[in-house]
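Survey of secondary and tertiary structure
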Amino acid sequence: MKTFRVETRSLPTLARCYPRSFTFYLARPARSIVTSSFILLTFVARATPAETSPTPASAKLARSVMEPSVQSEIVETVEKDRKRFGGHEPIPATLIGVWDSVGGGFIRAFGYADLEKKVPLTPADHFRIGSNTKTFVISVLLQLVSEKKLSLDDPLSRFSLGVTIPNAEGITVRELCNMRSGLFEAYDTPEFAQLNMKVPKDFDPKTLVAWAMKHKPY
């Protein structure tokens, strides 16, 4: 499971529509999902204060994501990128969302949720978010740092985790954020492999960490 940062130059049409900035998140779902694989792309347009209150002159030049012509350009761009990044076959399915500075939004699903049965993907489909989680977890953590509730240099031993962590006093929050704690990878444990990606409803994340702590740190 990996997360990628994709610059706007890889989507030139979207970049022309909204040149300020876009954030792209890509995630590959769990193998247990019916689709062999598909990618989720979330586009977030961030506007400057000047853009949120355009002058009459700039308003004439601004384009809204609600315009049919803009939506057509987005669809065309996504279809091209599905082919470009899909290898021998286009990316099986893609869910995109684009929001502009005035509150307009455009969400559309492409491809199939089930390739064998040709069931179209819909925005309501559920799948494992995977490494996208890291982006949101770290964003909230940095908000806590900004609020002076913790520091990136705090040791792990400061927090009551319910699991004994070896060398907790020598591992910092910053190292966790950089995935450089040196702790054994929980997803490489035999116990996790036995789950076969079917997590029990009452599963406690502390259990997953405890499995990893049975192994020597890297």
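If you're wondering where the values come from, they're calculated on a predicted model, not measured in any experiment.

Bringing the overall build of the protein into the picture now. Across its full length, the protein carries eight helices and six strands. Going from the N terminus to the C terminus, the protein shows its helices and strands as α-β-β-β-α-α-α-β-β-β-α-α-α-α. For the protein, with 218 residues in total, the buried portion stands at 33%. Nonlocal contacts in the protein, meaning residues at least 24 apart in sequence, comprise 49% of its contacts between residues at least 6 apart. Counting only carbon and sulfur atoms, one obtains 56% of the accessible surface of the protein, whose full area is about 14,300 Å².

Our focus in this paragraph is the pairing of strand S5 (residues 105-114). Of the strand pairs in this sheet, strand S4 (residues 93-99) and S5 are connected by seven bridges, and their pairing is antiparallel. Residue pairing for S5: Ile 96 is matched across the bridge by Arg 108. Connecting the antiparallel pair S4 and S5 is a turn made up of five residues, with Gly 103 showing a positive phi of about 95°. As judged from the two bridges shared by S5 and strand S6 (residues 119-120), these two strands associate in the antiparallel manner. Note that in S6 the partner of Asp 114 across the bridge is Val 119.

As for its position among the elements, Asp 100 is in the loop between S4 and S5. For the buried Asp 100, no salt bridge exists, and the shortest N-O distance to an oppositely charged side chain is 10 Å, to Arg 63. Within the local environment of Asp 100, its side chain forms a polar contact with the side chain of Ser 64, the two groups lying 3.4 Å apart. At 3.1 Å, the side chain of Asp 100 and the backbone nitrogen of Gly 103 are in polar contact.

With that settled, consider the pattern of salt bridges. Following the criterion strictly, the structure yields eight salt bridges and no others. Arg 84 is the salt-bridge partner of Asp 81, the closest N and O atoms lying 2.7 Å from each other. Taken together, the residues Asp 81 and Arg 84, both in helix H4 (residues 68-85) and three residues apart, mark about one turn of the helix.

On to helix H8 (residues 205-213), then. Looking at H8, one finds that the buried residues are Leu 208, Trp 211, Ala 212 and Met 213. With a side-chain oxygen lying 3.0 Å from the backbone nitrogen of Lys 206, the N-terminal cap of H8 falls on Asp 204.

On to unusual backbone geometry, then. Notably, Lys 148 is not glycine yet its phi reads approximately 65°, a positive angle. Mapped onto the fold, Lys 148 is located in the loop between helix H5 (132-146) and helix H6 (173-177). Notably, Asn 167 is not glycine yet its phi reads approximately 60°, a positive angle. As for its position among the elements, Asn 167 is in the loop between H5 and H6. Among the residues examined, Asn 167 registers a relative accessible area of 45% and is labelled partly exposed.

On to the confidence of the model for the protein. Counting all residues, the mean pLDDT for the protein is 77, and 72% of those residues have values of 70 or more. Taken as a whole, residues 1-55 scores under 50 in pLDDT and shows 120 contacts with residues more than four places along the chain or in a different chain.

Under the 1.5 Å per step criterion, the end-to-end length of H4 is 26 Å for 18 residues, consistent within 8% with the ideal 26 Å. Taken together, the buried positions of H4 are occupied by Val 70, Ile 74, Val 75, Thr 77, Val 78, Asp 81 and Arg 82. Buried residues of H4 fall within an arc of 165° about the axis and therefore sit on the same side. Away from the buried face of H4 by more than 90 degrees, exposed residues Pro 68, Lys 80, Lys 83 and Arg 84 are located.

Attention shifts here to the nonpolar core. If you look at the biggest cluster of nonpolar residues, it comprises 13 residues, and the most contacted ones within it are Ile 165 and Met 213. Counting residues per element, the ones that place at least two in this core are helix H7 (190-195) and H8. The dominant element in this core, judged by the number of residues it contributes, is H8, at four residues. The residues contacting Met 213, other than those within four sequence positions of it, are Val 163, Thr 164, Ile 165, Pro 166 and Leu 183. If you look at the next biggest cluster of nonpolar residues, it comprises nine residues, including Val 65, Ile 74, Ile 96 and Phe 106.

Rules used throughout
- Residues numbered from 1 in each chain as written.
- Predicted model: local features only at pLDDT ≥ 70, side-chain atom pairs only at ≥ 80, totals over all residues.
- Heavy atoms only, no water.
- Helix = DSSP H or I, 4+ residues; strand = E, 2+ residues; numbered from the N terminus.
- Buried < 20%, exposed > 50% of the residue type's maximum accessible area, 1.4 Å probe, protein only.
- Contact = heavy atoms within 4.5 Å.
- Areas by Shrake-Rupley, 256 points an atom, 1.4 Å probe, with all protein chains shown as cover.
- Pairing = 2+ DSSP bridges.
- Lys, Arg positive; Asp, Glu negative; His and termini not counted.
- Salt bridge = Lys/Arg side-chain N within 4 Å of Asp/Glu carboxyl O.
- Polar contact = N/O pair within 3.5 Å; in protein donor to acceptor, adjacent residues only side chain to side chain.
- pLDDT = per-residue confidence, 0-100.
- Expected span 1.5 Å × (residues − 1).
- Arc of directions from axis to C-beta.
- Core = buried A, V, L, I, M, F, W, Y, C linked by side-chain atoms within 4.5 Å.

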